[in-house]
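# Descriptive analysis of the structure
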Amino acid sequence: NQLRVAQLIQYFKPARYKLGAYLTHEGDNSMKIFFVEEGEVTYLKNIPVPEILNGRKVRYKDKLTPISNIQGHCIIGEECIESDPRYRYSVQVR
């Protein structure tokens, strides 16, 4: 298994991201996967939130809502290797 990792490592590029930067945006097409070694990220999802108009009508508006915080090692964007290459959530550096 370590030999396989050693063979794959040549395809990875280290990168640093500033606080507040987005690694992914929900719905964007991409084939990029992030392996986070250290730091903290927040997963966010567009969730429809009701908004009352004129006291009678209800309109739903998407609101980018935090759903999880993760510190340390994690993998982001692995869902893009499936048949649908769109990110299912946004991820922001914290």
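For the structure, check the block above.
Throughout what follows, the structure given in this document is the object of discussion. (Residues numbered from 1 in each chain as written. Predicted model: local features only at pLDDT ≥ 70, side-chain atom pairs only at ≥ 80, totals over all residues. Heavy atoms only, no water.)

### Focus on the sheet that holds strand S1 (residues 22-24)
Taken in spatial order, the four strands line up as S1-S6-S3-S4 in an open sheet, and their pairing is antiparallel. The strands lining the two open edges of the sheet, one partner per strand, are S1 and strand S4 (57-71). In this sheet, neighbouring strand axes are inclined to one another by 35 degrees on average, regardless of whether the strands run parallel or antiparallel. Bridge analysis of S1 against strand S6 (residues 90-93) gives two bridges, and the strand direction is antiparallel. Its bridge partner being in S6, Tyr-22 is matched across the sheet by Gln-92. (Pairing = 2+ DSSP bridges. Helix = DSSP H or I, 4+ residues; strand = E, 2+ residues; numbered from the N terminus. Axes fitted to C-alpha atoms, helices over the stretch in contact; angles between N-to-C directions.)

### Some remarks on the pattern of salt bridges
Following the criterion strictly, the structure yields three salt bridges and no others. The residue Lys-45 makes a salt bridge to Glu-26 at a minimum N-O spacing of 3.4 Å. Of this pair, Lys-45 sits in strand S3 (residues 40-53) while Glu-26 sits in the loop between S1 and strand S2 (34-36), and the two are 19 residues apart along the sequence. Between Glu-51 and Arg-59 there is a salt bridge, and its shortest N-O distance comes to 2.4 Å. Take Glu-51: its relative accessible area is 26%, and that puts it in the partly exposed class. (Salt bridge = Lys/Arg side-chain N within 4 Å of Asp/Glu carboxyl O. Buried < 20%, exposed > 50% of the residue type's maximum accessible area, 1.4 Å probe, protein only.)

### Quick notes on the packing of aromatic side chains
On inspection of all chains with the given rule, the structure shows three aromatic pairs. Arranged with centres 6.0 Å apart and planes meeting at 75 degrees, the rings of Tyr-17 and Phe-34 form a pair that is edge-to-face. Of this pair, Tyr-17 sits in the loop between helix H1 (2-8) and S1 while Phe-34 sits in strand S2; the two residues are 17 residues apart in sequence, bridging distant segments of the chain. Under the relative-accessibility criterion, Tyr-17 is labelled partly exposed at 39%. Aromatic side chains Tyr-43 and Tyr-89 sit 4.9 Å apart centroid to centroid with 50 degrees between the ring planes, which places their arrangement in the tilted category. (Phe/Tyr/Trp six-rings, centres within 6.5 Å; stacked < 30°, edge-to-face > 60°.)

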